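# Observations on chain architecture
Listed below are the residues making up each chain.
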6 protein chains.
Amino acid sequence: MPYINIKVTRQGVTADQKAELIRGVTDLLVRVLDKSPATTFVVIDEVALENWGIGGLPVDKYRRDAAG
Amino acid sequence: MPYINIKVTRQGVTADQKAELIRGVTDLLVRVLDKSPATTFVVIDEVALENWGIGGLPVDKYRRDAAG
Amino acid sequence: MPYINIKVTRQGVTADQKAELIRGVTDLLVRVLDKSPATTFVVIDEVALENWGIGGLPVDKYRRDAAG
Amino acid sequence: MPYINIKVTRQGVTADQKAELIRGVTDLLVRVLDKSPATTFVVIDEVALENWGIGGLPVDKYRRDAAG
Amino acid sequence: MPYINIKVTRQGVTADQKAELIRGVTDLLVRVLDKSPATTFVVIDEVALENWGIGGLPVDKYRRDAAG
Amino acid sequence: MPYINIKVTRQGVTADQKAELIRGVTDLLVRVLDKSPATTFVVIDEVALENWGIGGLPVDKYRRDAAG
């Protein structure tokens, strides 16, 4: 009975893409560990860009600098 | 000093229901493990239906199929 | 289909106490939000004392100071 | 820069299976959301059976009852 | 490659304050554990007051009682 | 009443280093957001190398390849 939490930046992820993530990661747990889909939970968190940091910077500033 | 995180689907949970969850789970930790309420944290996350998966499907589709 | 994560310090919590926590929090979700036990997950994490901080100190030192 | 946390019960998951989970979920994020593998983190938590609850019971007891 | 999650109550935290948290905690991991900023992730979650409990009460009520 | 979770790879982090992380991140929350240390929790998780993935690989293999 796996529980999978996927955190991504909030950037217009569509409902179809979320459904693909849910199906894909569930299939993976079934295939690799023989888990039952019926007791596999997936929770997707979309995180605002200013709330996600990398390299000591909020991700939007980090990307601007990298592109700079 | 327990920390409890409760994740539920976002479906109109009221402030009163949240207060009941907070009180109930705090009481449980006090009763079973003799923890202090003053250092017991509870965080409730409400997750959009399209962000929660079960059975390889987003939960709203999963429920429609189950009801189908 | 709630997911509940309970974090407590690792201090000899017994299997019976864990079972009580699992039953208690599941019952709470059933009672307050009418959730199904069959799709209610509970995960208990036991955290070493030196890995848990409060008041800017590891919890074992914090307690010694408080007992001071 | 996704972060994925996979929680499974601790039941002899091998290093090869963990590597497969890491590769599989990273590929999924690349394919569905065009994320970069270099900034995709995966953390696998293995949870003791007595620390995981479903149906109001620790999972080992839940399975015995279901098999019963 | 650390991952740090900071949860605070949602009370008008500004983008500048978030940037300070991200920079500060990244610097801390670099200084104490010699981690690389480029693979240090920080995720900030802002939690609604009614979703955060302490002392068995939602935090806004807890504060009113304490002030009372 | 912040809650901070720090995940690092399990590589001989000492109790002193953990105490430094706890003090440092608590001070940060006090300084930036004027939070009270007494209600600031820090939980450190040490993750086995084979349970942490980056670049689609377990971190030990990722580092060997990078060094290669």
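Values in this document were obtained by computation on a predicted structure and should not be read as measured data. (Residues numbered from 1 in each chain as written. Chains lettered and ligands numbered in written order. Predicted model: local features only at pLDDT ≥ 70, side-chain atom pairs only at ≥ 80, totals over all residues. Heavy atoms only, no water.)

### A short note on the pairing of strand β2 (residues 41–47) of chain E
Of all seven residues that make up β2 of chain E, seven are buried, and the element is covered over most of its length. Burial along β2 of chain E is two-sided: Phe-41, Val-43, Asp-45 and Val-47 of chain E facing one way and Val-42, Ile-44 and Glu-46 of chain E facing the other are all buried. One ladder, built from three bridges, connects strand β3 (residues 52–54) of chain A with β2 of chain E; its direction is antiparallel. Within the sheet, the bridge partner assigned to Trp-52 of chain A lies in β2 of chain E and is Val-43 of chain E. Note that strand β1 (residues 3–9) of chain E and β2 of chain E share seven bridges and pair parallel. Directly across from Ile-6 of chain E, in β2 of chain E, lies its bridge partner Ile-44 of chain E. Between the parallel elements β1 of chain E and β2 of chain E, the chain passes through helix α1 (residues 15–33) of chain E in a crossover that is right-handed. (Buried < 20%, exposed > 50% of the residue type's maximum accessible area, 1.4 Å probe, protein only. Helix = DSSP H or I, 4+ residues; strand = E, 2+ residues; numbered from the N terminus. Pairing = 2+ DSSP bridges. Right-handed = clockwise from strand over helix to strand, strands pointing away.)

### Digging into the pattern of salt bridges
Scanning all chains against the criterion turns up 30 salt bridges over all chains. Here Lys-7 of chain E ties to Asp-45 of chain E by a salt bridge, and the two come within 2.9 Å at their closest N and O atoms. With Lys-7 of chain E in strand β1 and Asp-45 of chain E in strand β2, this residue pair connects regions lying 38 residues apart in the sequence. Note that Lys-61 of chain E is salt-bridged to Asp-65 of chain E, the shortest N-O span being 3.3 Å. Taken together, the residues span about one helical turn, with Lys-61 of chain E and Asp-65 of chain E both in helix α2 (residues 59–67) at a distance of four residues. A residue is classified by how much of its surface remains accessible, and Lys-61 of chain E, at 36% relative accessible area, is partly exposed. In this structure, a network of salt bridges that share partners links the residues Lys-18 and Glu-46 of chain A together with Glu-50 of chain B. (Salt bridge = Lys/Arg side-chain N within 4 Å of Asp/Glu carboxyl O.)

### Structural notes on the interface of chain D and chain A
Taken together, the contacts link 27 residues of chain D with 27 residues of chain A. A combined buried area of about 2,300 Å² lies between chain D and chain A, and 72% of that area is made up of carbon and sulfur atoms. At the junction of chain D with chain A, the criterion picks out two salt bridges. A salt bridge links Glu-20 of chain A to Arg-31 of chain D, with the nearest nitrogen and oxygen atoms 3.3 Å apart. Where chain D touches chain A, the interface holds nine residue pairs in polar contact (both at pLDDT 80 or more). Broken down by secondary-structure element, the contributors of at least two residues to the side of chain D that touches chain A are β1 (3–9), α1 (15–33), β3 (52–54) and α2 (59–67) of chain D. Take the side of chain D that touches chain A: its biggest share by element is ten residues, from α1 of chain D. Partitioned by chemical class, the residues of the side of chain D that touches chain A number 16 nonpolar, six polar and five charged. Judged from the five bridges that link them, strand β1 (residues 3–9) of chain A and β1 of chain D form a sheet pairing that is antiparallel. From the neighbouring strand, Ile-4 of chain A faces β1 of chain D, where its bridge partner is Ile-6 of chain D. (Contact = heavy atoms within 4.5 Å. Buried area = accessible area lost by both parts, 1.4 Å probe. Polar contact = N/O pair within 3.5 Å; in protein donor to acceptor, adjacent residues only side chain to side chain. Nonpolar A, V, L, I, M, F, W, Y, C, P; charged D, E, K, R; others polar.)

### Digging into the relation of the copies chain D and chain A
It takes a turn of 180° to lay chain D on chain A, together with a shift of 0.0 Å along the axis; the resulting RMSD is 0.0 Å. One copy is carried onto the other by what is essentially a two-fold rotation axis. In terms of C-alpha distance to the rotation axis, chain D has Asn-5 of chain D as its closest residue, with the C-alpha 2.6 Å off the axis. A share of 100% of interface residues in chain D that are also interface residues in chain A marks the association as one of identical surfaces. (Least-squares fit on C-alpha atoms with pLDDT ≥ 70 in both.)

### Considerations on the relation of the copies chain F and chain D
When chain F is brought onto chain D, the operation consists of a screw motion whose angular component is 120° and whose axial shift is 0.0 Å, with 0.0 Å RMSD remaining. Seen this way, the second copy is the image of the first under a three-fold rotation axis. Within chain F, the C-alpha atom positioned nearest to the axis of rotation is that of Asp-45 of chain F, 5.9 Å from it.

### What about the sheet that holds strand β4 (residues 57–58) of chain F?
One open sheet accounts for eight strands, arranged β4(B)-β3(B)-β2(A)-β1(A)-β1(D)-β2(D)-β3(F)-β4(F); its pairing is mixed. Of all strands in the sheet, those with a lone pairing partner are β4 (57–58) of chain B together with β4 of chain F, marking the two edges. Each of β1 and β2 (41–47) of chain A, β3 (52–54) and β4 of chain B together with β1 of chain D touches helix α1 (residues 15–33) of chain A; the most contacted strand, β2 of chain A, lies at about 140° to it. Those strands touched by α1 of chain D are β1 of chain A, β1 and β2 (41–47) of chain D together with β3 (52–54) and β4 of chain F, and its axis lies near 140° from that of β2 of chain D. (Axes fitted to C-alpha atoms, helices over the stretch in contact; angles between N-to-C directions.)

### Comments concerning the interface of chain F and chain D
The interface of chain F with chain D comprises eleven residues on the first partner and 15 residues on the second. Summing the contributions of chain F and of chain D, the shared interface buries around 1,100 Å²; its carbon and sulfur component is 56%. Among the residues of chain F in contact with chain D, Glu-50, Asn-51 and Gly-56 of chain F are the three that bury the most area, contributing 42% of the side total. At the junction of chain F and chain D, the tally comes to one salt bridge. Linking chain F to chain D there are six residue pairs in polar contact (both at pLDDT 80 or more). Where the side of chain F that touches chain D is concerned, the elements lending two or more residues are β3 and β4 of chain F. Take the side of chain F that touches chain D: its biggest share by element is three residues, from β3 of chain F.

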